[in-house]
Amino acid sequence: MQQRFMAIWFRHLTTDWLTLRRPELKDIPFVFAAPERNCILITATNPVAEAQGVYRGMAAADAKAITTNLLILDHIPGKEVKLLRQLGLWCIRYTPVVAVDLPDGLLMDISGCAHLWGGERGYLKEIVNKLRASGYDARAAIADTIGTAWAVARYGKITPIIESGMQAQALLNLPPLALRLEPMVLEKLQKLGFHTIKSFMQIPRTVLRRRFGEGFLLRLAQALGLEDEHLTPLVPPVPYAERLPCLESIKTAKAIEIAIQKLLESLCTRLQAEGKGVRKATLKCYRIDGKLVQVSISTNRGSYSISHLFKLFELQVSKIEPALGIELFLLEAPKVEDVDTVQEKLWAGNPGLQDTALAELLDRLAGKVGVNAIRRYLPAEHYWPERSVRQAASLAETPATGWRSDKPRPLRLLHKPEPVEVMALLPDYPPKVFTYKGRRHIVEKADGPERIEQEWWLRQGEHRDYYAVEDSEGGRYWIFRLGHYDAAPEWYLHGFFA
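Residues numbered from 1 in each chain as written. Predicted model: local features only at pLDDT ≥ 70, side-chain atom pairs only at ≥ 80, totals over all residues. Heavy atoms only, no water.

1. Re the overall build of the protein chain
Formally: Runs of E in the DSSP output that reach at least two residues are strands. Runs of H or I that reach at least four are helices, and both are numbered from the N terminus. Here's how the labels work: a residue is buried when its accessible area is under 20% of the maximum for its type, exposed when over 50%, partly exposed in between, all with a 1.4 Å probe on protein chains only. In these tables, accessible area is a Shrake-Rupley quantity obtained with a 1.4 Å probe, and a residue counts as shielded only by the protein chains included in the view.
Within the protein chain, the regular secondary structure consists of 13 helices and 19 strands. For the protein chain, the spread of C-alpha atoms along the principal axes amounts to about 110 × 70 × 45 Å. For the protein chain, the residues scored as buried account for 40% of the 498 residues in total. Looking at the protein chain as shown, the accessible area adds up to about 29700 Å², and 53% of this sits on carbon and sulfur atoms.

So, in structure tokens, the structure goes:
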């Protein structure tokens, strides 16, 4: 098969993009500019500015001199790459091989594709019209080589479709700039009076090499088809899709359900491994008669549950008309989202701490995060909360007493109580306002007091009167007053409830 290539040139790529976002700029001359070589140079123009004589590479000061209402905007680094990639991914519907051609073009290998649109003329017209309807000023050309297609798209004036083997004739009247040459080479050609490609086409290669270098000959040879030029195609994002071809055509509802089950097993396994779930899925059924039948489901939250998704598809099976039979099933998930991983059971049958799998797991975790990062606590027979727990030495150690559950205790207990400033109305009343770490809390609700005495055999402090309080923002705290109420009582915060 003869290779054919298509080049697309976006004459005003970034300015077209901004005009789409800001329609009020459509009739205003504006440009993008960036500092370069101690000067502000124009990097892109819109058609209105171009019609007034402003061009890419011109100094912004000169552009302001020839037009009074020119709007100069800062160049957006990397915007061309993002726009061309988006446009290239859109063009993959026309050919699987699309490459970005910076700073303002796309290159496509269209070999064997144009006949689907009735030939190359219909193919080119379809793509260019769609791009222009989207708001982009696009030109395109088709030829046997990338170089000729690129040249004709930008500088051609007769026809955008170059017949096979006619690339030399198509290049003759084009300027040397059409060969994608280096600026220094172009400057030499200009000084020597070579204003068209035909003016040096018949000069011996040895002379051209000596004058202009090997790169000049390579570009000329690529355009003429004497040297190969390869594209680096865009790779689209991998879709979440599964295929199931059938050895024999499927006609029954039961067989369709089996196919759905198999597709969901493959898709959900992949989604679960990546921590994602289906929000929308489509089952496409390709029939023997060439027609496509499809049904879709959607979920309120991401799910990779095979049974749940199957029940949703099961409700749609009656809408699938197999006719003479279905030969291919395609399950696509165009919309997915991140989901929280469901906590798996650590053990079955409730073997508890005696399960060797638990001990082995803890050993592996300790090897990763350190032995001191894993602790097990047991209740201790002490009154004060910070003393009422102790660290267990092993999994086999059993508690000497049970955990106290008759009184509310905070979810998070501070290792050491922290002082707070409190305002209370009367002695033995709970606080109305307290300040913790510089933040003022207004108490709306309070329970208590619960008195916790000191241990007579230790005698290391006063008794404590604990209050469970809730502030105006819904936060719940465990606060105590140390000792009896007096003129200047000491208050402390000891924990936080959920």
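Having seen the model, we can carry on.
2. What about the domain arrangement of the protein chain?
Test applied: Throughout, the edges of the domains are those of an automatic or database domain assignment.
Looking at the assigned domains, one finds that the protein chain contains domain 1 (5-141), domain 2 (241-359) and domain 3 (412-496). Here the C-alpha centre of domain 3 lies 68 Å away from the C-alpha centre of domain 1.

3. Observations concerning the sheet that holds strand β10 (residues 292-303)
Condition: Two strands form a pair only when DSSP identifies at least two bridges running between them. Axes here refer to lines fitted to C-alpha atoms; in helices the fit is confined to the stretch in contact. Angles between the N-to-C directions go from 0 to 180 degrees. Note on contacts: a residue pair is in contact if any heavy atoms of the two residues lie within 4.5 Å.
Taking strand neighbours across the sheet as the criterion, the four strands line up as β8-β11-β9-β10 in an open arrangement whose pairing is antiparallel. Whereas interior strands pair on both sides, the edge strands pair on one side only; in this sheet they are β8 (241-250) and β10. Looking at each pair of strands side by side, their axes are set apart by 15 degrees on average, direction ignored. Across the sheet, helix α11 (residues 253-273) lies against β8, β9 (276-287) and β11 (326-338), angled at about 160 degrees from β8, the strand it touches most. Where helix α12 (residues 306-314) meets the sheet, its contacts fall on β9, β10 and β11, and the angle it forms with β10 comes to roughly 140 degrees.

4. Observations concerning the pattern of salt bridges
Going by this rule: In the sections that follow, a salt bridge refers to a side-chain nitrogen of Lys or Arg positioned within 4 Å of a carboxyl oxygen of Asp or Glu.
Applying the stated criterion across every chain, the model contains 23 salt bridges. A salt bridge links Arg219 to Glu229, with the nearest nitrogen and oxygen atoms 3.7 Å apart. Taken together, the positions of Arg219 in helix α10 (residues 214-224) and Glu229 in the loop between α10 and β8 put the pair ten residues apart, joining distant regions of the chain. The class for Arg219 is partly exposed, based on a relative accessible area of 27%. Glu332 is paired through a salt bridge with Lys284; the nearest N and O atoms lie 3.2 Å apart.

5. Some words on the packing of helix α1 (residues 13-21) against helix α4 (residues 79-91)
The following threshold applies: An angle below 35 degrees is read as roughly parallel, one above 145 as roughly antiparallel, one from 65 to 115 as roughly perpendicular, and any other as oblique.
It is at 10 Å that the axes of α1 and α4 come closest, and there the two elements cross at 80 degrees. The angle between the axes of α1 and α4 places the two elements in the roughly perpendicular class. Contacts between α1 and α4 involve Leu13, Thr14 and Trp17 from the former and Lys79, Glu80, Leu83, Leu84 and Leu87 from the latter.

6. Comments concerning the state of the cysteines
Quick reminder of the rule: In what follows, a disulfide is any cysteine sulfur pair within 2.5 Å.
Inspection of every chain in the model, using the stated rule, returns zero disulfides. There is no disulfide at Cys285, and the cysteine sulfur nearest it, in Cys246, is 9.0 Å away. Its relative accessible area of 0% is what places Cys285 among the buried residues.

7. Considerations on the environment of Lys26
Here Lys26 lies in the loop between α1 and β2 (30-36). The exposure class of Lys26 is exposed, given its relative accessible area of 59%. Setting aside anything within four residues of it in sequence, one finds Lys26 in contact with Thr19 and Val48.

8. What about the pairing of strand β18 (residues 476-482)?
Extensive coverage of β18 is indicated by the burial of five of its seven residues. The loop that links strand β17 (residues 464-471) with its antiparallel partner β18 comprises four residues; one of these, Gly474, has a positive phi angle of about 90 degrees.

9. Observations concerning helix α8 (residues 183-191)
For clarity, the cut-off: Arc definition: directions from the helix axis to the C-beta atoms.
When α8 is considered as a whole, its buried residues turn out to be Val185, Leu186 and Leu189. Across the axial projection of α8, the buried residues extend over an arc of 100 degrees, all falling on one side. Away from its buried face by more than 90 degrees, α8 exposes Pro183, Met184, Gln190 and Lys191. Those residues of α8 hidden inside the fold are in contact with α9 (205-212) and α10. In the stretch just after α8, Gly193 is the one whose phi turns positive, near 85 degrees.

10. Focus on the sheet that holds strand β19 (residues 490-496)
With antiparallel pairing, six strands are arranged side by side around a closed barrel as β14-β15-β16-β17-β18-β19. Within this sheet the neighbouring strands show an average axis-to-axis angle of 45 degrees, counted without direction. Summarising the sheet, strand β14 (residues 412-424) and strand β15 (residues 431-436) pair through four bridges and their orientation is antiparallel. Bridge pairing in β15 places Val422 opposite Phe434.

11. Here we look at the packing of aromatic side chains
Rule in force here: Each Phe, Tyr or Trp ring, with Trp reduced to its six-membered ring, pairs with another whose centre is within 6.5 Å; inter-plane angles below 30 degrees give stacked pairs, above 60 give edge-to-face pairs, and intermediate values give tilted ones.
A full pass over the atoms with the stated rule returns 18 aromatic pairs. Here Trp150 and Tyr155 contribute two aromatic rings whose centre-to-centre distance is 6.5 Å and whose plane-to-plane angle is 50 degrees, an arrangement assigned as tilted. Residues Phe194 and Phe200 carry aromatic rings whose centres are separated by 5.9 Å and whose planes lie at 85 degrees to one another, so their mutual orientation is edge-to-face. Note on Phe200: relative accessible area 0%, which makes it buried. By way of ring pairs, the aromatic residues Trp90, Tyr94, Trp117 and Tyr123 are connected into one cluster.

12. Overview of α4
Applied cut-off: Expected helix span is taken as 1.5 Å per residue step, with the number of steps being one fewer than the number of residues.
For α4, which comprises 13 residues, the first-to-last C-alpha distance of 18 Å matches the rise-based estimate of 18 Å (1.5 Å per residue) to within 8%. Here the buried face of α4 lies against β1 (5-10), α1, β5 (97-101), β6 (105-109) and α5 (120-133).

13. Side note on the environment of Ile142
Among the structural elements, Ile142 can be located in strand β7 (residues 138-143). The exposure class of Ile142 is buried, given its relative accessible area of 0%. C-alpha separation for the pair Ile142 and Arg4, spaced 138 residues apart in sequence, amounts to 6.9 Å. For Ile142, the contacting residues outside a window of four places in its chain are Arg4, Phe5, Met6, Ile110, Glu120, Tyr123, Leu124, Pro160, Ile161 and Ile162.

14. Side note on unusual backbone geometry
At the junction of Leu102 and Pro103, the peptide bond is cis and its omega measures out at 5 degrees in the coordinates. Here Pro103 lies in the loop between β5 and β6. In this structure, the amide linkage connecting Gly448 to the following residue, Pro449, adopts the cis form with an omega of 10 degrees. You will see that Arg180, though not glycine, has its phi angle at about 60 degrees, which is positive. Mapped onto the elements, Arg180 comes out in the loop between α7 (167-171) and α8. Phi angles above zero are rare outside glycine, and Lys437 is one such case at about 55 degrees. Relative to the elements of secondary structure, Lys437 occurs in the loop between β15 and β16 (439-452).

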